[in-house]
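Take a look at the letters that make up each chain.
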Amino acid sequence: MEQPISVTRSNFNDWMVPVFAPANFIPVRGEGSRIWDQENKEYIDFAGGIAVNALGHAHPVAVNALTEQATKLWHVGNGYTNEPVLRLAKQLTENTFADKVFFCNSGAEANEAALKLARKVGLDSGVAGKSGIVAFKNAFHGRTLFTVSAGGQPKYSQDFAPLPNGINHVAFNDLDAAKAVINEQTCAVIVEPIQGEGGVIPADIEFLKGLRALCDEFGALLIFDEVQTGVGRTGSLYAYMNTGVIPDVLTTAKALGGGFPVGAMLTTDKYAPHFSVGTHGTTYGGNPLASAVAGAVFEFINTPEVLEGVKHRHQYFLDALNTLNAEYQIFEEIRGQGLLIGCVLKAEYAGKAKDITTWAGEEGLLALIAGPDVVRFTPSLIIPEQDIDEGIARLKRALAKLAK
Ligand SMILES: *Cc1c(COP(=O)(O)O)cnc(C)c1O
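Anyway, here's the lowdown on the structure attached to this text. (Residues numbered from 1 in each chain as written. Predicted model: local features only at pLDDT ≥ 70, side-chain atom pairs only at ≥ 80, totals over all residues. Heavy atoms only, no water.)

Concerning the overall build of the protein
Helix and strand counts for the protein come out as 12 helices and 17 strands. Relative to the compact-globule value of 22 Å for 404 residues, the protein shows a C-alpha radius of gyration of 21 Å, a close match. With the C-alpha coordinates aligned to their principal axes, the bounding extent of the protein is approximately 60 × 55 × 45 Å. Sequence-distant contacts in the protein: of pairs separated by 6 or more residues, those separated by 24 or more amount to 71%. When the accessible area of the protein is evaluated, it comes to approximately 18,000 Å², of which 55% is carbon and sulfur surface. Computing the positive centroid from 33 side-chain charges and the negative centroid from 44, the protein places the two 2 Å apart. (Helix = DSSP H or I, 4+ residues; strand = E, 2+ residues; numbered from the N terminus. Rg over C-alpha atoms; globule rule 2.2 N^0.38 Å. Contact = heavy atoms within 4.5 Å. Areas by Shrake-Rupley, 256 points an atom, 1.4 Å probe, with all protein chains shown as cover. Lys, Arg positive; Asp, Glu negative; His and termini not counted. Charge placed at Lys NZ, Arg CZ, Asp CG, Glu CD.)

What to know about the sheet that holds strand E14 (residues 340-345)
The strand order E13-E14-E17-E16 describes an open sheet built from 4 strands, whose pairing is antiparallel. Since the sheet does not close on itself, it has two edges, and those belong to strand E13 (331-337) and strand E16 (368-369), each with one partner. Relative to E13, helix H10 (residues 304-328) is tilted by about 175°, and along the sheet it contacts E13, E14 and strand E17 (374-377). (Pairing = 2+ DSSP bridges. Axes fitted to C-alpha atoms, helices over the stretch in contact; angles between N-to-C directions.)

Remarks on the site of the ligand
If you check the shell around the ligand, you find Ser-106, Gly-107, Ala-108, Asn-111, Phe-140, His-141, Gly-142, Glu-192, Asp-225, Val-227, Gln-228 and Lys-254 and nothing else. Gly-107 places a polar main-chain atom, nitrogen or oxygen, 2.8 Å from an oxygen atom of the ligand. Measuring from an oxygen atom of the ligand, one finds a side-chain N or O atom of Lys-254 at 2.6 Å. When the ligand sits alone it has 390 Å² of accessible area, and the protein chains cover 82% of it. Its residues placed into classes, the shell around the ligand shows 3 nonpolar, 6 polar and 3 charged. (Near = heavy atom within 4 Å. Polar contact = N/O pair within 3.5 Å; in protein donor to acceptor, adjacent residues only side chain to side chain. Nonpolar A, V, L, I, M, F, W, Y, C, P; charged D, E, K, R; others polar.)

Comments concerning the packing of aromatic side chains
For the structure on display, the rule yields 9 aromatic pairs. Residues Phe-25 and Tyr-43 carry aromatic rings whose centres are separated by 4.2 Å and whose planes lie at 15° to one another, so their mutual orientation is stacked. Of this pair, Phe-25 sits in the loop between helix H1 (10-15) and strand E1 (27-31) while Tyr-43 is found in strand E3 (residues 42-45), placing the two residues 18 residues apart along the sequence. Arranged with centres 5.7 Å apart and planes meeting at 75°, the rings of Phe-172 and Phe-207 form a pair that is edge-to-face. Of this pair, Phe-172 sits in the loop between strand E6 (167-170) and helix H7 (175-181) while Phe-207 is found in helix H8 (residues 205-218), placing the two residues 35 residues apart along the sequence. For the pair shown, Phe-172 and Phe-207 are each scored as buried. Site record: aromatic cluster; members linked through ring pairs are Phe-46, Phe-317 and Phe-377. (Phe/Tyr/Trp six-rings, centres within 6.5 Å; stacked < 30°, edge-to-face > 60°. Buried < 20%, exposed > 50% of the residue type's maximum accessible area, 1.4 Å probe, protein only.)

Written out as structure tokens, the structure is:
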């Protein structure tokens, strides 16, 4: 057999559109919460592919589901339904508030579907001009034009004007500010139960309850973007389950496929019929391959043992991080739920989150940032304690560089 073409990190600059600035090593294989690069250097994975690899790398449950389905049927197009997608829809509706599911391939597509559904429901209501969307500053909802516009970080949208209009951004966790802009013309409020990319900032329960009441009062859809918080990330199947607030629409992606691209928009029998035949669609969404993997990953995660394990690991992680911080005094606050953890840098280290993750890489640890001032960890939901210990030891060496 011919050798594969040899490639190096510098080829990224040769051939790739430069929207990313990847680390200076290339991962080539992974197992559990460890990854190896081209030089066979080992890394502990506290990034989890940005909250995606919920079962770590090459977990047998996911590998078996993938390879078994790969020999049967990959894709038929949505002119036909398929068994894996129906099974996955049954799992999602039986285990959440939802009655109906629309499948797609990413978080942005799930939010795009949610926002389009809300606009359609608004139109069908007969109330003139019921197209307003209320969203929150600092939010992240994806990179399509509609979802960067709904997102509350102008740096991601301002270069692409003219943007879709009718979107109002107000301060996160400020119920009075939301109250001032939600009215009869509002068709949707979109919110992350924990702002992920924005810095791992949990929504206050009273804030979410207030949004629920305002949506009920004015007939607007409450959309929870659970792309990052969903599928066990917080120690509950979905984060809304920790809040006592039930949304009308929930979007899920990232961990849903454990690394295989898949997304979904969940909603109720009240709203689903507004997406009638032909109003929305997708080529790949709900394909048998993605659905088979997601079904297996979802079934594995949705057990008391795995979900309790996430809560246990949260405490284990926090204890270790607090011990580190007692020594180095680098973090102002350590926050988040389950295995979505944000370490906020003290003012004197502002802007250094990226440096920390770069040094962590040198020490053999994959970690994330959430904005310039927050180091974020979203590891596998089943990361072994000894990998947490080893990762923390490597983080300690990275922090020692910063402290110097
Ligand atoms: C990652 C993310 C998205 C976008 O998902 P993609 O799969 O990258 O399109 C949307 N919302 C939230 C909260 C996310 O964390």
